[in-house]
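Descriptive structure summary
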Amino acid sequence: QVQLMESGGGSVQAGGSLRLSCSASGVDFSSSCLGWFRQAPGMQRNWIATSYRDNSRNHAQYVKGRFTVSKDIAKNTLYLQMDSLKPEDTAMYYCAAGPWIHDNCEWTYWGQGTQVTVSS
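Residues numbered from 1 in each chain as written. Predicted model: local features only at pLDDT ≥ 70, side-chain atom pairs only at ≥ 80, totals over all residues. Heavy atoms only, no water.

Once that is clear, we can look at the overall build of the chain. Per the secondary structure count, the chain includes 0 helices and 13 strands. Taking 120 residues into account, the globule formula puts the C-alpha radius of gyration at 14 Å, and the chain, at 14 Å, falls close to it. Its C-alpha atoms give the chain principal-axis dimensions of roughly 40 × 30 × 25 Å. In the chain, which comprises 120 residues, the proportion classed as buried is 42%. Carbon and sulfur atoms form 45% of the exposed surface of the chain, whose accessible area is close to 6,400 Å². Side chains of the chain give 10 positive and 9 negative charges; the mean places of these two sets differ by 4 Å. (Helix = DSSP H or I, 4+ residues; strand = E, 2+ residues; numbered from the N terminus. Rg over C-alpha atoms; globule rule 2.2 N^0.38 Å. Buried < 20%, exposed > 50% of the residue type's maximum accessible area, 1.4 Å probe, protein only. Areas by Shrake-Rupley, 256 points an atom, 1.4 Å probe, with all protein chains shown as cover. Lys, Arg positive; Asp, Glu negative; His and termini not counted. Charge placed at Lys NZ, Arg CZ, Asp CG, Glu CD.)

Counted by the stated rule, this structure contains 2 disulfides. A sulfur-sulfur separation of 2.0 Å characterises the disulfide bridge that pairs Cys 22 with Cys 95. Because the sign of the S-S torsion sets the handedness, a value of about 50° for the bond joining Cys 22 and Cys 95 places this disulfide among the right-handed ones. Of this pair, Cys 22 sits in strand β3 (residues 18-25) while Cys 95 sits in strand β9 (residues 91-98), and the two are 73 residues apart along the sequence. Take Cys 22 and Cys 95: they sit in the same class, and that class is buried. For the chain, the bonded cysteines connect in the pattern 1-3, 2-4 when numbered consecutively along the sequence. (Disulfide = S-S within 2.5 Å.)

With 5 of 6 residues buried, strand β8 (residues 77-82) is to be regarded as a mostly interior element. Where β3 and β8 come together, 6 bridges link them in antiparallel fashion. Across the sheet, the residue bridging to Arg 19 is Gln 81, located in β8. Judged from the 6 bridges that link them, strand β7 (residues 67-72) and β8 form a sheet pairing that is antiparallel. If you follow Phe 67 over to β8, its bridge partner there is Met 82. Connecting β7 to the antiparallel partner β8 that follows it, the hairpin turn spans 4 residues, and Asn 76 within it adopts a positive phi of roughly 50°. (Pairing = 2+ DSSP bridges.)

This part is about the sheet that holds β8. Taken in spatial order, the 4 strands of this open sheet run β1-β3-β8-β7, and their pairing is antiparallel. Looking at strand neighbours, the two that pair on one side only are β1 (3-7) and β7, the edges of this open sheet. Adjacent strand axes in the sheet meet at a mean angle of 15°, parallel and antiparallel pairs treated alike. (Axes fitted to C-alpha atoms, helices over the stretch in contact; angles between N-to-C directions.)

In structure tokens form, the structure reads like this:
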């Protein structure tokens, strides 16, 4: 059974930093796509970053230079380091995992989310 559990969210002032963690069980970190998404109230869920099975990673343009995805395979934990936070980063943040199929990540498993609130 796959379980993903996010932690590390909270309230921070603009310009501050947070590090989100996603603890996973039942997921093979060495062969899966691992990613972060976020959703603000009334908005669609948006992709933030992906850590691929070959240890490469990719970030959405709107977070490049501010957010960094990483993983610790030994701990089965995915991280999102968020620096220079802005009020528009306020959202529920989700981690996701899934297989690499047909040159794409199939986001099969999702955590429950952790709230990030950035005040101006």
